[in-house]
Amino acid sequence: KAGGRGGPRYYTDVPAGDIAIRNVADLYLYPNTVRAVRVSGSILREWLEMSAGQFNRIDPALATPQPLINNGFPTYNFDVIDGVTYRIDVTQPARYTPQGRIADANARRIVDLRFQGQPVTDVMEFIVATNNYRASGGGNFPGMDGTSIVYETAETNQEIIKDWLLEQRTVDAAVTPIWSFVPIPGAVQVVFESSPDARSLAVDGAPVRYVGDAANGFALYALTFR
């Protein structure tokens with residue numbers, strides 16, 4: 001859930017405390033099934049380059065506010081791949097269009113891509129857990145055409161999440177950072193819209209700062225690139 005046409009309340013917000021089964025739909029919206037694909041380090045990098053199209057290009061020379069989110073990019077095509085670490089340089093142009101075509105063959109937003117602390121090379125091989133939509137070509141991601149699938153199940157992701165929550169009983173919600181933005185020097189102002197309910201999370205010292213009201217009931221936030 002990422003706002004947009006769904007409105008300013010259309011965001012995932014699971015409060016601390018008991019987890020209800022309805023929260024599973026907040027954590028995973030669609031009835032996709034699990035797939036695993038075998039990909040090279042080269043395809044893994046291109047996968048992340050495609051995902052990085054979620055963001056607009058930021059001009060570090062501009063002092064006026066610049067919107068971070070590319071509203072023409074479907075939010076469900078913004079993938080984060082666990083198990084590797086990387087940074088996204090939004091001062092560079094997007095390598096791919098939202099339709100999965102090459103926009104700039106020389107563009108590279110994904111930098112410092114690493115696995116277990118070591119740089120990812122083109123010839124490395126990875127097994128990536130994903131869903132049937134992505135593995136079969138949904139979103140037009142590079143290398144994702146159904147031919148690299150090595151595992152599949154009929155059980156939906158929602159069912160797997162529900163079963164995992166029931167098994168765990170207590171869930172540690174601590175997050176280990178996987179990716180970050182490359183810092184932008186100077187007085188650049190990067191902003192994005194989100195739910196006004198998130199204002200309480202924009203505390204002093206946090207990289208996200210509440211700016212004020214935005215159109216259609218949304219709130220505007222500024223992001224500090226550290």
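Residues numbered from 1 in each chain as written. Predicted model: local features only at pLDDT ≥ 70, side-chain atom pairs only at ≥ 80, totals over all residues. Heavy atoms only, no water.

(A) Seen up close, the sheet that holds strand β2 (residues 66-67). Taken in spatial order, the four strands line up as β2-β9-β11-β10 in an open sheet, and their pairing is mixed. At either end of the open sheet lies a strand with only one pairing partner, and these are β2 and β10 (208-213). Bridging between β10 and strand β11 (residues 219-223) involves five bridges; their strand directions are antiparallel. In the sheet register, Gly212 faces β11, and the bridge partner there is Leu220. (Pairing = 2+ DSSP bridges. Helix = DSSP H or I, 4+ residues; strand = E, 2+ residues; numbered from the N terminus.)

(B) Representation of the side chain of Asn131 within the structure. Tracing the backbone shows Asn131 in strand β6 (residues 125-131). In terms of polar contacts, Asn131 uses its side chain to reach the side chain of Tyr28, at 2.9 Å. Not counting residues within four places of it along the chain, the set of residues in contact with Asn131 comprises Tyr28, Asn32, Thr33, Arg35 and Asn157. (Polar contact = N/O pair within 3.5 Å; in protein donor to acceptor, adjacent residues only side chain to side chain. Contact = heavy atoms within 4.5 Å.)

(C) Up close: the side chain of Arg109. As for its placement among the helices and strands, Arg109 is situated in the loop between β3 (84-88) and β4 (110-115). Buried within the structure, Arg109 lacks any salt-bridge partner; its nearest side chain of opposite charge belongs to Glu49, at an N-O separation of 6.2 Å. Polar side-chain contacts of Arg109 include one of 2.9 Å to the backbone oxygen of Phe55. (Buried < 20%, exposed > 50% of the residue type's maximum accessible area, 1.4 Å probe, protein only. Lys, Arg positive; Asp, Glu negative; His and termini not counted. Salt bridge = Lys/Arg side-chain N within 4 Å of Asp/Glu carboxyl O.)

(D) Focus on helix α4 (residues 157-168). For α4, spanning 12 residues, the distance from its first C-alpha to its last is 16 Å, which sits close to the expected 16 Å at 1.5 Å a residue. Among the residues trailing α4, Arg169 stands out with phi positive, at a value near 70°. (Expected span 1.5 Å × (residues − 1).)

(E) View of the nonpolar core. One finds Val39, Trp47, Ile88, Val90, Val128, Phe181 and Phe225 to be the most contacted residues of the largest nonpolar core, which totals 35 residues. Only β1 (33-40), α2 (41-51), β3, β4, β6, β9 (190-194) and β11 provide two or more residues apiece to this core. Considering each element in turn, this core owes the most residues, four residues, to α2. Not counting residues up to four positions away in its chain, the partners in contact with Ile88 are Ala52, Phe55, Arg109, Ile110, Trp179, Ser180, Phe181 and Val182. (Core = buried A, V, L, I, M, F, W, Y, C linked by side-chain atoms within 4.5 Å.)

(F) Looking closely at unusual backbone geometry. We note that Gln116 has phi near 50°; this positive angle belongs to a residue other than glycine. Mapped onto the fold, Gln116 is located in the loop between β4 and β5 (118-119). A positive phi angle, near 70°, is found at Arg169, a position not held by glycine. Secondary-structure assignment places Arg169 in the loop between α4 and β8 (179-181).

(G) Broad picture of the packing of aromatic side chains. On inspection of all chains with the given rule, the structure shows 10 aromatic pairs. Taking 5.8 Å as the distance between ring centres and 25° as the angle between the ring planes, the aromatic pair formed by Phe192 and Tyr221 counts as stacked. Here Phe192 is found in strand β9, whereas its partner Tyr221 is found in strand β11, with 29 residues between them in sequence. Note on Tyr210 and Tyr221: the rings are 5.8 Å apart at their centroids and 65° apart in plane angle, and the pair reads as edge-to-face. Residue Tyr210 is found in strand β10, and its partner Tyr221 is found in strand β11; the two are separated by 11 residues along the sequence. Taking relative accessible area as the criterion, Tyr221 reaches 2% and is therefore assigned buried. Joined through ring pairs, the aromatic side chains of Phe55, Phe78, Trp179, Phe181 and Phe225 make up one cluster. Its guanidinium or amino end placed over the ring of Phe141, Arg134 lies 4.0 Å from that ring's centre, counting from NZ or CZ. (Phe/Tyr/Trp six-rings, centres within 6.5 Å; stacked < 30°, edge-to-face > 60°. Lys NZ or Arg CZ within 6 Å of the ring centre and 35° of its normal.)

By themselves, these are just geometric observations and shouldn't be taken as functional.
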